[in-house]
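Commentary on secondary and tertiary structure
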Amino acid sequence: MKLINAAIALLAIPAAAAFAPAAPSFGVRTVGAPSTFDFALDAKKSIEDLTEADLKGKKVLIRCDVNVPLDGKTITDDTRIRSSVPTIEYLKSKGAIVTVCSHLGRPKDGPEDKFSLAPCAERLGELLGQEVKLCPDSIGDEVKAMVDAAKEGDVLMLENTRFYKEEEKNDPAHVEKLAAPFDLFVNDAFGTAHRAHASTEGVTKFLQPSVSGYLLAKELEYLDGAIQNGEKPMAAIVGGSKVSSKITVLNALLDKCDKIIIGGGMVFTFLKAKGLSVGTSLVEDDYVETAKEVMEKADKLGKQILLPSDIVVADKFDAEAETQIVKADAIPDGWMGLDNGPDSTAEQKEFLSDCKTVIMNGPMGVFEFKAFEKGTFGIVDILADLTKEKGAVTIIGGGDSVAACEKSGRAGDMSHISTGGGASLELLEGKILPGVAALNDK
């Protein structure tokens, strides 16, 4: 799979929580250079590097990400399951016996019915047009018997891998049991590739070959493409609440991008760093000096950082709060910033007008509340129009960024909407993803 235009996806932070004022409890960190990559992403094997002989009649364990939101037993968003279908269909078409494994939620003490993958198996079966049998466990004799009895083109699903604490501990004895019924491994779960768990990294020690699926390969090509040779000018939009959680990526983006827009609750730590009053807006006092360092580094590198010039402020954190639009240097005492104002959106449009690659990470305001949605939807419209009218590569990453695009109705106009969260963030920061590093080299 070759992508002419490539770019990157980042982690988005939950929007509403991102603006609620809270007392920070963080230690001061300084801006440091990110580590470098120790492996070439494009040098990892994918399923397309395997022949039909490699797959026909083979028992394939595929790590997918079917960690979908549920309302009781009802799936409210099946995007992750649908994203797994192309790789599963390909394996089936080559005569493989496919067994899907995944986690769901955060079970604490062994099996819990509310975290069963039964709804996921049922939905996957509907999408594939065939029965997907759910195994009663993820390891053991009964699982092996079901896998052994399956025919070419059959699809099974193991029960939640995190019903065992040994999954996250990557316990070697547990890993061996998990891998035992299978011949080879496919990792198609980019969202968990940054975890060295039994089902993401451990099984590669027992199953060969171990390769990526279509979804994982696509995410890596976008990521690697943007990091290495994304088309310039390149910009990043970084939203969310805390400088503390974004300092490493901000530092990396200053090295990679020509322009950076900062939005969300983290804006007010930067405004305070510029000596401005921010009322009762969310501020991390321990990171005011760090924000100054970021701005100083940008000046030194000749990079541009755009902060909002006007702010929608409210007298309380509430959907029905009293609001007003004020200049960023005139936030009244007792009021908190919860969104960008219209002047800021207009400036962002001009700021991004010549960009060829744009990464969006996080909303500009509390878009769940109608009174504070315009800043986020405004920048979503800007990116969508850049793609449609100018052919720019636009990438949306993380839950709230994606949710904002979908709510605005412009998701289909973006170049790429990533399934990644922490994995994409860690990759951008220069960290090794264990689930990728463990795959076979080409």
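Use the structure listed above.
What comes next is a walk through the structure. Note that the coordinates shown come from a computational prediction; the quantities given were computed from them, not determined experimentally.

Turning our eyes to something else, we now look at the overall build of the chain. Across its full length, the chain carries 16 helices and 17 strands. Of all 442 residues assigned to the chain, the portion counted as buried reaches 56%.

To continue, consider the packing of helix α12 (residues 342-352) against helix α13 (residues 374-390). Closest axis-to-axis distance for the α12/α13 pair is 10 Å, and the angle between their directions is 25°. Looking at the two axes, α12 sits roughly parallel to α13. Once α12 is placed against α13, the crossing between them reads as right-handed. Counted together, T345, Q348, K349 and L352 of α12 and G375, G378, I379, I382, L383 and L386 of α13 form the full contact between these two elements. In terms of residue class, the contact of α12 with α13 is made up of five nonpolar, four polar and one charged.

On to the packing of helix α3 (residues 79-93) against helix α4 (residues 118-128). Each pair of packed helices gets described by two things: the angle between the helix axes and the distance between those axes. Where α3 meets α4, the axes come as close as 10 Å, and the angle between the chain directions of the two elements is 60°. Taken together, α3 and α4 sit at an angle that is classed as oblique. In the packing of α3 onto α4, the handedness of the crossing is right-handed. Contact residues: I81, R82, V85, I88, E89 and K92 in α3; C120, R123, L124, L127 and L128 in α4. Here the contact of α3 with α4 is composed, by residue class, of seven nonpolar, no polar and four charged.

This brings us to the pattern of salt bridges. Charged atoms that come close allow side chains of opposite charge to pair. Tallying each qualifying case throughout the model produces 20 salt bridges. Salt-bridge contacts for E289 lead to K292; the nearest nitrogen and oxygen are separated by 3.2 Å. Of the two residues, E289 and K292 both sit in helix α11 (residues 288-301), three residues apart, roughly one turn of that helix. Assessed through its relative accessible area of 46%, E289 is described here as partly exposed. Given a relative accessible area of 29%, K292 falls into the partly exposed group. One network of salt bridges, with partners in common, ties together D78, R82, R123 and E126.

Once that is clear, we can look at the sheet that holds strand β7 (residues 184-187). On the basis of which strands lie adjacent, the open sheet formed by six strands has the order β5-β6-β4-β1-β7-β8 and parallel pairing. Where the open sheet ends on each side, the last strands, each with one partner, are β5 (132-134) and β8 (210-212). On average, adjacent strands in this sheet sit at an angle of 25° to one another, irrespective of strand direction. By the bridge criterion, three bridges tie β5 to strand β6 (residues 155-157) in an arrangement that is parallel. If you follow V132 over to β6, its bridge partner there is V155. Here α4 sits on the sheet in contact with β4 (97-101), β5 and β6, set at roughly 170° to β5.

This paragraph deals with empty space enclosed by the protein. The full count for this structure, using the stated rule, is two cavities of 30 Å³ or more. There is about 40 Å³ of room inside the largest cavity. Considering the residues around the largest cavity, the lining is formed by D65, R80, S83, S84, D188, A189, F190, G191, L215 and T419. Top element by residues in the lining of the largest cavity is α3. It accounts for three residues.

In space, the three strands of this open sheet follow the order β13-β12-β14, with antiparallel pairing throughout. On the outer flanks of this sheet lie β13 (323-327) and β14 (336-340), each paired with one strand and no other. Going from strand to strand, the sheet's axes swing by 40° on average, the running direction of each strand aside. Here strand β12 (residues 310-314) runs beside β14; their pairing, made up of four bridges, is antiparallel. Bridge assignment links V312 to a residue of β14, and that residue is D339.

For the rest of this paragraph, the subject is the packing of aromatic side chains. Enumeration according to the criterion identifies four aromatic pairs in this entry. Ring plane angle 80° and centroid distance 5.5 Å describe the contact between Y90 and Y214, whose orientation is recorded as edge-to-face. With Y90 in helix α3 and Y214 in helix α8 (residues 214-229), this residue pair connects regions lying 124 residues apart in the sequence. In this structure Y214 comes out as buried when scored by relative accessible area, which is 18%. Ring geometry for F369 against F372: centres 6.5 Å apart, planes inclined by 55°, an arrangement best described as tilted. Grouping residues by exposure puts F369 and F372 together as buried. A network of ring pairs unites the aromatic residues F317, F369 and F372 as a single cluster. In this arrangement the basic side chain of K259 is found over the ring face of F351, its NZ or CZ atom lying 5.0 Å from the centre.

How each quantity is defined
Residues numbered from 1 in each chain as written. Predicted model: local features only at pLDDT ≥ 70, side-chain atom pairs only at ≥ 80, totals over all residues. Heavy atoms only, no water. Helix = DSSP H or I, 4+ residues; strand = E, 2+ residues; numbered from the N terminus. Buried < 20%, exposed > 50% of the residue type's maximum accessible area, 1.4 Å probe, protein only. Axes fitted to C-alpha atoms, helices over the stretch in contact; angles between N-to-C directions. Parallel < 35°, antiparallel > 145°, perpendicular 65-115°, else oblique. Left-handed = near helix turned anticlockwise from the far one by under 90°. Contact = heavy atoms within 4.5 Å. Nonpolar A, V, L, I, M, F, W, Y, C, P; charged D, E, K, R; others polar. Salt bridge = Lys/Arg side-chain N within 4 Å of Asp/Glu carboxyl O. Pairing = 2+ DSSP bridges. 1 Å grid on protein atoms, 1.4 Å probe; cavity = no way out; pocket = protein on both sides within 12 Å on 5 of 7 lines; lining within 4 Å. Points joined across faces, edges and corners; volume = space filled by probe spheres on them. Phe/Tyr/Trp six-rings, centres within 6.5 Å; stacked < 30°, edge-to-face > 60°. Lys NZ or Arg CZ within 6 Å of the ring centre and 35° of its normal.

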